[in-house]
4 protein chains.
Amino acid sequence: MTSKARIGVLGASGYTGSECVRLLLRHPHVEIALLTADRRAGQAMRDVFPQFSPYELPKLVSLEGFDWKNAGLDLVFGALPHATTQKVLKELLAQAPKTKVVDLSADFRLADPAAYARWYGHEHHAVELQKEAVYGLVEVYRPDVVKARLVANPGCYTTCAQLPLIPLLKARAIDPDEIVVDAKSGMTGAGRAARESMLFSEVSEGFNAYGVGHHRHMAELDQEFSKAAGREVVVSFTPHLVPMNRGILSTIYVRGTKNHLPESLHEILLKAYAKEAFVHVLPFGEMPQTRHVRGSNLTFIGVTKDRVAGRAIIGSALDNLVKGASGQAIQNMNLMLGFPEAAGLEQVALFP
Amino acid sequence: MTSKARIGVLGASGYTGSECVRLLLRHPHVEIALLTADRRAGQAMRDVFPQFSPYELPKLVSLEGFDWKNAGLDLVFGALPHATTQKVLKELLAQAPKTKVVDLSADFRLADPAAYARWYGHEHHAVELQKEAVYGLVEVYRPDVVKARLVANPGCYTTCAQLPLIPLLKARAIDPDEIVVDAKSGMTGAGRAARESMLFSEVSEGFNAYGVGHHRHMAELDQEFSKAAGREVVVSFTPHLVPMNRGILSTIYVRGTKNHLPESLHEILLKAYAKEAFVHVLPFGEMPQTRHVRGSNLTFIGVTKDRVAGRAIIGSALDNLVKGASGQAIQNMNLMLGFPEAAGLEQVALFP
Amino acid sequence: MTSKARIGVLGASGYTGSECVRLLLRHPHVEIALLTADRRAGQAMRDVFPQFSPYELPKLVSLEGFDWKNAGLDLVFGALPHATTQKVLKELLAQAPKTKVVDLSADFRLADPAAYARWYGHEHHAVELQKEAVYGLVEVYRPDVVKARLVANPGCYTTCAQLPLIPLLKARAIDPDEIVVDAKSGMTGAGRAARESMLFSEVSEGFNAYGVGHHRHMAELDQEFSKAAGREVVVSFTPHLVPMNRGILSTIYVRGTKNHLPESLHEILLKAYAKEAFVHVLPFGEMPQTRHVRGSNLTFIGVTKDRVAGRAIIGSALDNLVKGASGQAIQNMNLMLGFPEAAGLEQVALFP
Amino acid sequence: MTSKARIGVLGASGYTGSECVRLLLRHPHVEIALLTADRRAGQAMRDVFPQFSPYELPKLVSLEGFDWKNAGLDLVFGALPHATTQKVLKELLAQAPKTKVVDLSADFRLADPAAYARWYGHEHHAVELQKEAVYGLVEVYRPDVVKARLVANPGCYTTCAQLPLIPLLKARAIDPDEIVVDAKSGMTGAGRAARESMLFSEVSEGFNAYGVGHHRHMAELDQEFSKAAGREVVVSFTPHLVPMNRGILSTIYVRGTKNHLPESLHEILLKAYAKEAFVHVLPFGEMPQTRHVRGSNLTFIGVTKDRVAGRAIIGSALDNLVKGASGQAIQNMNLMLGFPEAAGLEQVALFP
């Protein structure tokens, strides 16, 4: 057996970090060589996530002054908070330019420095890397990912909305000016930071929208939808919080352009994803449920006819921590390191 | 003290029936004189809903051959399944024409017999009563309710969508052809019938749409929205199931007509509900959460500006068993029997 | 109408504070005159708990330098964190000695200063008040509560365990050396402080014990059980966290002393609580569920025969925020201010 | 590559059946050759469990008149209801005596026909098979399982209680007369049959005990505990329902025999499971949580000192559908068919 690739996870004490660890532990071609978590440095991974108690894993270390040059890492997953990421990755790639990176933060997703500055309120701290970064929606940018050194892993909400809409926009099959994306996410999408609004007692047995009219994910949608449509596209997008841990469901309202009835939209999606391992288009008229993709890297897509003439309702469901984050990140890694694209990602959904 | 009104609840073993009992038990002007539940006839209410164990309540009896003539009931709540309702109420009102009725089923909500037949697949069995019935959305039809003998209590989804949209349609402030209502409901809205798809293990930790494109509630929306707009209105409406017990949140996407910016829509709603006890319009830009109305008869409405020019996003939240069913039914009863409209409905929301 | 009593709630931004407000808002004999919340001072109550948006309430103020002397308060609820409480109440009662206090913290529950110091690791800061304080388990200490100026409201876990066990220990009907109390609580019992372990994603879809072998509530149990039994009693007690908001269920394993079969234990409890408004003993063999007391001030108690000869299993259920905290506090207030004991506490449980 | 073993799952429309399918789909040495589900016969597995939509699986067939002789099955999992099982397996093994069977029902767990008749109210219909059946708690009966044709897979509650208690009883380290097992299970343990008491709205946001004093699982505990202790053992056992899908936590109260302090009990368990892949003993004083074993075949065990002298509190957590049912069944299969014991069971727990 040849040696395994040496992988690091930066920010292993958060949910996307631990999800990387869960998946990497069973990946046939890698070994986990580095786990960082600044505030928990010195602790074992089991102290932060007790489910890893039975497994041997490296101790959590601090990023502070870490010697990237001699770490011998083949690839690193960045699961750090926004802004921190730019600084850390800049230093990492300066010291160890051959290490590859899949970044799960939002820092490198916007190609346009001006758009970045507008949405985030400050200049990007690593503009050169921003230019280099490949947007890692594998089903759309596979050839670029294969050659990339730095991949910006797409957001969970945006992956869920892009997979059904990109092929339809490319085919000019829907009206770009009448798209409503009503998105609902489980709570792990909000991360592990201790905030009052995320307490069990605040969240359980209730439902609400948030960030209405101004959620940052919109920048990413604008960029990719406009690219696909060949013109500016601005959609209505509202995120909601569901009292569940994992899963995003997007309910998408569209109007077909001339000759494109709902059945035709379904046909376009069926064809687009016929050979994809991780996008599953349901029979026409069936709608997806988040529970049926839980823990898997799959996206389920359904198309139904609306009773309003000419309109269709599209459902898209994925696990925000897998296809919406760490699973997609490993899918990117597989391409970047030359492994089979589905390696380590074959697990079947856990339902119930 | 004058004597209390004698009230019956038909179908007391279901959730809307038990919710009527919960509220009536603390209503200052009524006594619970009759509880029916065909399959549980002969049992005590505590056998069906143990929370009533400490209270004295009549035994559950069967509707079969019940003597309405001599029951001396002032008002009856119908919480029976669809279709059964028509038959039972027809007989009840034939035998006891002075008894008033608030019906919580869908049977008398559609004024047009043809619409009824189209949506339900059969002729209405009590067409005369269908004509007589008043649609009991109190905030819209208060003067009619006061004089009514038979009130059709609105549906939970439809109440939640109508309260924000009716004033806007009446004011011609939004485009009737571009309304999307994305609705999310807790599980009690699906009733208490034992069905596999409603088991805890099927529902918990997941989210999905259902009845996409053809939900029966749409008929009720079409009727009331068209009436308010003075022209035919057909909206896109998708119901979803949230893993929680109580609550409906509707996220509503609208486009303002000329001169009607989102702020103007908010202003119209503020004015429309300034004197209403049970509709609370939040400050502009705040959005409602279902948990903050749980157990109360309140509807919270919020209006926010969409980033798409000219569009607004409206949120509307209520407790499907209270303002969406039994609370609104008691509000109707209060008007019909001459009690203060808020009697028995003052409880503050239970959060957390 | 005579004037209403003026009530203050110290710590209104927490769950027991907001639950006091919920209940006081509908109490016929009081007005809410003061709400404090140091970190949220200056804000409206609706900013902290949006469910109160429709109601008029005083602004949140800081305790810092508050003028108790001229506040004209008849009674104050202390819903402050441990330790802070002692300091604040000492000053309050020094300035306004006629104001009465129901304290919901643990600070005044232990009568013995030595026991306090042992469990909390420091001397009590208000020993005189500790001596004065009456332990407010109304069903046991009603005559003392009526005359009290300062009442220490019992803990939620301990109320749930004491109500079934005190009468049995007093009757010498169970062996004090073989009591196991396995307690399960909803998450609101842990308060509203933002801690990682209390996030929805950490709590949902899981179950665990905590504080095993050394939970502070044990001191309170030891004190009251020993008093009831007339000898030292130390029980095995394990608290657990249930992924739900409200409710405590205690499953209690006991062995009857000579002649005391399970049926006899049930008989003792039935008699003890025959005239109590808020303790409901179920028929022999029925066990309580937390959902059937949610939102109410009731405790449901059940007794069943174990298959192990001579042993019984007792279930006790209450809503930790009502009978386990704020409801019981208002029950104490009612006695202290001469109101009917059940005033403001009549609401029926909210199920489902 | 050699050919794969041909496996059947009887009762594939229930939760333990679907969990077998989930695990078998990724097992390297088997193929799924048969799926039965009488009421859903003719349908695809995806119609019953949509999560399997992307995979190729045999259609569901009826057991009625199935030709076992020519089915060429190497092993069959029985996931059928009680009583049906006896009849079906008797016929199956008569027709195809070389097919091996792992039965997940309770039908073959009791070795003594008299005990069976007493607990189930009727004579066993396949007494010869009852004699032949090996009780499949692998960690205790591994050598017997290796040679077995028919294995009775242990129950979920009983596996959870036996793994910590059997080694302690064998070592005579705890008093067999003072064991209390307070067990809490997620809802999937109750199966998929549509019953009112299992609806989301009945279960969510509440907690309760059930089957108090007379749960059938006790027979299995009595049998195995008595065998381990070498004398009759009857424990107090109370099952509870937790509003979550997966997981059992048992909180077990024991008294150490002379010289056996809690630390010593921990030591015994550490040694007993040092080489076991699926039993993980936590450091002394740490207690397990169900969420940390979700979806995995692991059991986590913790031991803590009680404050009552001489007593210990033991926690045991597993996923009722994996180690408590289908995972353990596959562990049995692996031994019976000569595969590595952990094949197909390596997945890491899914948390959060």
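Going by the structure above, here's the rest.
Residues numbered from 1 in each chain as written. Chains lettered and ligands numbered in written order. Predicted model: local features only at pLDDT ≥ 70, side-chain atom pairs only at ≥ 80, totals over all residues. Heavy atoms only, no water.

**Q** Explain the interface of chain B and chain A here, please?
**A** Often, the extent of an interface is quoted as the loss of accessible area on bringing the components together. With 49 residues of chain B at the interface, the matching set in chain A holds 49 residues. Note on chain B versus chain A: buried area summed over both sides is about 3900 Å², and carbon and sulfur give 52% of it. Considering only the surface of chain B that becomes buried against chain A, Glu205, Phe207 and Arg307 of chain B emerge as the three largest contributors, covering 21% of it. There are 4 salt bridges connecting chain B and chain A. (Contact = heavy atoms within 4.5 Å. Buried area = accessible area lost by both parts, 1.4 Å probe. Salt bridge = Lys/Arg side-chain N within 4 Å of Asp/Glu carboxyl O.)

**Q** What is the right way to look at the pattern of salt bridges in this model?
**A** Any two side chains of opposite charge can pair, so long as their charged atoms come close to each other. The full count for this structure, using the stated rule, is 76 salt bridges over all chains. In this structure, the salt-bridge partner of Glu132 of chain B is Arg149 of chain B, at a minimum N-O distance of 2.9 Å. On the criterion of sequence distance, the pair formed by Glu132 of chain B in helix H5 (residues 127-132) and Arg149 of chain B in the loop between helix H6 (138-147) and strand S7 (150-152) is long-range, its members being 17 residues apart. With relative accessibility at 31%, the residue Glu132 of chain B sits in the partly exposed group. For Arg149 of chain B, a relative accessible area of 23% translates into the label partly exposed. A single salt-bridge network, built from bridges that share partners, covers Glu19, Arg22, Arg246 and Asp319 of chain A. (Helix = DSSP H or I, 4+ residues; strand = E, 2+ residues; numbered from the N terminus. Buried < 20%, exposed > 50% of the residue type's maximum accessible area, 1.4 Å probe, protein only.)

**Q** I would appreciate a short explanation of the environment of Phe52 of chain A in the present structure.
**A** Within the secondary structure, Phe52 of chain A sits in the loop between helix H2 (45-48) and strand S3 (60-61). If we ignore the near neighbours within four places in the chain, the residues touching Phe52 of chain A are Ser18, Val21, Arg22, Leu25, Met45, Arg46 and Leu57 of chain A together with Val348 of chain D.

**Q** Sorry, what's going on with the packing of helix H7 (residues 156-170) of chain C against helix H9 (residues 217-229) of chain C here?
**A** For any two helices packed against each other, one specifies the inter-axial angle together with the distance between the axes. All names here are of chain C. Contact geometry for H7 and H9: axes closest at 9 Å, N-to-C directions at 15°. Classified by the interaxial angle, the pair formed by H7 and H9 is roughly parallel. As H7 runs across H9, the sense of the crossing is right-handed. On H9, the residues touching Cys156, Tyr157, Thr158, Ala161, Gln162, Leu165, Ile166, Leu169 and Lys170 of H7 are His217, Glu220, Leu221, Glu224, Phe225, Ala228 and Ala229. Residues belonging to the contact of H7 with H9 are distributed by class as follows: 10 nonpolar, 3 polar and 3 charged. (Axes fitted to C-alpha atoms, helices over the stretch in contact; angles between N-to-C directions. Parallel < 35°, antiparallel > 145°, perpendicular 65-115°, else oblique. Left-handed = near helix turned anticlockwise from the far one by under 90°. Nonpolar A, V, L, I, M, F, W, Y, C, P; charged D, E, K, R; others polar.)

**Q** Sorry if this is basic, but what is going on with the sheet that holds strand S1 (residues 5-10) of chain B here?
**A** Strand pairing in a sheet relies on backbone hydrogen bonds. The paired strands run either parallel or antiparallel. Residue and element names in this part refer to chain B. Taken in spatial order, the 7 strands of this open sheet run S3-S2-S1-S4-S5-S7-S6, and their pairing is parallel. The outermost strands of the open sheet, each flanked by one partner alone, are strand S3 (60-61) and strand S6 (134-135). One ladder, built from 6 bridges, connects S1 with strand S2 (residues 30-36); its direction is parallel. The partner of Gly8 across the bridge, within S2, is Leu34. Across the sheet, helix H11 (residues 322-336) is in contact with S1, S2, strand S4 (75-78), strand S5 (100-103) and S7; its angle to S5 comes to roughly 160°. (Pairing = 2+ DSSP bridges.)

**Q** In this structure, what is going on with the side chain of Thr85 of chain C? I would like to understand it.
**A** All names here are of chain C. One can find Thr85 in helix H3 (residues 84-95). At a separation of 3.4 Å, a polar atom in the side chain of Thr85 contacts the main-chain carbonyl oxygen of Leu80. Among residues more than four places away in sequence, those in contact with Thr85 are Leu80, Asp103, Ser105, Asp107 and Phe108. (Polar contact = N/O pair within 3.5 Å; in protein donor to acceptor, adjacent residues only side chain to side chain.)

**Q** In this structure, what is going on with unusual backbone geometry? I would like to understand it.
**A** Trans peptide bonds make up most of the peptide bonds, and negative phi angles are found at most residues other than glycine. Across the junction of Phe351 of chain B and Pro352 of chain B, the peptide omega takes the value 0°, indicating a cis bond. Within the fold, Pro352 of chain B resides in the segment after H11. In this model, Arg172 of chain A sits at a positive phi of 55°, which is unusual for a non-glycine residue. Structurally, Arg172 of chain A can be placed in the loop between helix H7 (156-170) and strand S8 (180-185). The exposure class assigned to Arg172 of chain A is partly exposed, which follows from its relative accessible area of 44%.

**Q** Where do I start with the pairing of strand S8 (residues 180-185) of chain D in this structure?
**A** Side-chain direction in a regular strand flips from residue to residue, so the side chains alternate between the two faces of the sheet. Taken across its 6 residues, S8 of chain D has 6 buried, putting it largely inside the fold. Burial along S8 of chain D is two-sided: Val180, Asp182 and Lys184 of chain D and Val181, Ala183 and Ser185 of chain D, pointing in opposite directions, are all buried.

**Q** Just to check I follow, could you spell out the state of the cysteines for this structure?
**A** In a disulfide, the sulfur atoms of two cysteines are held together by a covalent bond. Residues and elements named next belong to chain A. Per the stated rule, a full pass over the model turns up 0 disulfides over all chains. Distance from the sulfur of Cys160, which forms no disulfide, to the nearest cysteine sulfur (Cys156) is 8.7 Å. The exposure class of Cys160 is buried, given its relative accessible area of 0%. (Disulfide = S-S within 2.5 Å.)

**Q** It is not clear to me how helix H10 (residues 262-272) of chain D should be interpreted in this structure. Could you clarify?
**A** Since the α-helix turns once every 3.6 residues, residues separated by three or four places project in the same direction. All names here are of chain D. Looking at H10, one finds that the buried residues are Pro262, Leu265, His266, Ile268 and Leu269. Down the axis, H10 shows its buried residues gathered within 160° of arc, on one side only. For H10, the elements touching its buried residues are helix H7 (156-170), strand S11 (248-255), strand S12 (279-281), strand S13 (299-305) and strand S14 (311-318). (Arc of directions from axis to C-beta.)

**Q** Looking at this structure, I do not really get the interface of chain C and chain A. What am I missing?
**A** With 21 residues of chain C at the interface, the matching set in chain A holds 21 residues. Here chain C and chain A share an interface that buries about 1700 Å² over both sides, 52% of which is from carbon and sulfur atoms. Counting the surface chain C buries against chain A, the share from its top three residues, Leu199, Phe200 and Ser201 of chain C, is 38%. Linking chain C with chain A are 4 salt bridges. For Arg192 of chain C, the salt bridge goes to Glu196 of chain A, with nearest N and O atoms at 3.5 Å. For the interface between chain C and chain A, the tally reads 10 residue pairs in polar contact (both at pLDDT 80 or more). Examining the composition of the side of chain C that touches chain A, we find that 4 residues originate from one element, helix H8 (residues 200-203) of chain C, more than from any other. Tallied by class, the residues present in the side of chain C that touches chain A amount to 10 nonpolar, 5 polar and 6 charged.

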